[in-house]
Amino acid sequence: MSGAFRTHIWDPGLIMSQMVAMQTIFYFFLGLWIVLVDAISQGTRSVDQIFDFQSLEFKSFNGKLVMIAFVLNSLTGSAGGLWFIVQRTRQCLDFAATVHLYHLIACWIYNGYFPVTLSWWLVNVVCLALMTVLGEFLCMRSEMNAIPVSVAAKADL
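These numbers were taken from a predicted model, which means no experiment stands behind them.

Rules used throughout
- Each residue is numbered by its place in its chain's sequence as written, counting from 1.
- With the structure being a predicted model, the display of local features is reserved for residues of pLDDT at least 70 and the display and counting of side-chain atom pairs for 80 or more, all residues being used for whole-chain, interface and lining totals.
- Heavy atoms from the whole structure form the basis of all side-chain values; hydrogens and water molecules are not counted.
- In this text, helices come from DSSP runs of H or I with a minimum length of four residues, and strands from runs of E with a minimum of two, each type numbered from the N-terminal end.
- In this scheme, a residue with accessible area under 20% of its type's maximum is buried, one over 50% is exposed, and one in between is partly exposed, where area comes from a 1.4 Å probe on protein chains only.
- Between two residues, a contact is recorded if the distance between any of their heavy atoms is within 4.5 Å.
- All accessibility values rest on the Shrake-Rupley procedure with a 1.4 Å probe; residue burial counts only the protein chains present in the view.
- Throughout, an axis means a line fitted to C-alpha atoms (over the contacting stretch in the case of helices), and angles, computed between N-to-C directions, take values from 0 to 180 degrees.
- By the definition adopted for this analysis, an angle is roughly parallel if under 35 degrees, roughly antiparallel if over 145, roughly perpendicular if from 65 to 115, and oblique otherwise.
- Whether a crossing is left-handed or right-handed is set by the direction in which the near helix is turned from the far one by less than a right angle, anticlockwise for left-handed and clockwise for right-handed.
- Residues are grouped as follows: Ala, Val, Leu, Ile, Met, Phe, Trp, Tyr, Cys and Pro are nonpolar; Asp, Glu, Lys and Arg are charged; every other residue, Gly included, is polar.

1. A few points about the overall build of the chain
The helix and strand inventory of the chain stands at five helices and zero strands. By residue count, 34% of the 157 residues in the chain fall in the buried class. The contacts in the chain between residues at least 6 apart in sequence include a share of 73% that link residues at least 24 apart. Accessible surface, the chain: about 10100 Å² in total, of which carbon and sulfur atoms supply 70%.

So this is what it looks like as structure tokens:
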């Protein structure tokens, strides 16, 4: 398959740096959205809102706001990160799933036990799907842009 982009190049340094960048973008924008949601609702800011899976609950108003922050993070920062950092439609699902897998591991370590609440799983599966679909859409639009063949001036006929 000639002419394909990065088909035979195995670059672990690139993959690791992209993964670190994606994880950083994920937590930066999630933190930003949580701060904004807490500022609007006059809520208390805590790291628990990011890592404590019991803070994602449908029953409380603050739990719903944290869920909104997670969804907004998937729609803005994380999908934009896939578009800016990864830039490949075929790799969006891989990177989005890896970001959420690392988030699962971080929540597991932070809480000391495996996340068991249905609301945490629903929010993260929905966010994974949103991040993947929007990231693929943005990357596909960039990949479909016309590639200029020449830089010579065109004659106006």
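Text resumes after the structure shown.
2. Remarks on unusual backbone geometry
Even without being glycine, Gln 87 reaches a positive phi, approximately 65°. Inspection of the secondary structure puts Gln 87 in the loop between α3 (61-86) and α4 (92-111). Judged by relative accessible area, which is 48%, Gln 87 ranks as partly exposed.

3. Examining the packing of α4 against helix α5 (residues 118-143)
Here α4 crosses α5 at 155°, and the two axes come no closer than 9 Å. In terms of orientation, α4 lies roughly antiparallel with respect to α5. Note on packing geometry: the crossing formed by α4 with α5 is right-handed. On α5, the residues touching Cys 92, Leu 93, Ala 96, Ala 97, Val 99, His 100, His 103, Leu 104 and Cys 107 of α4 are Trp 120, Trp 121, Asn 124, Cys 127, Leu 128, Met 131, Thr 132, Gly 135, Glu 136 and Cys 139. Considering only residue class, the contact of α4 with α5 consists of 13 nonpolar, five polar and one charged.

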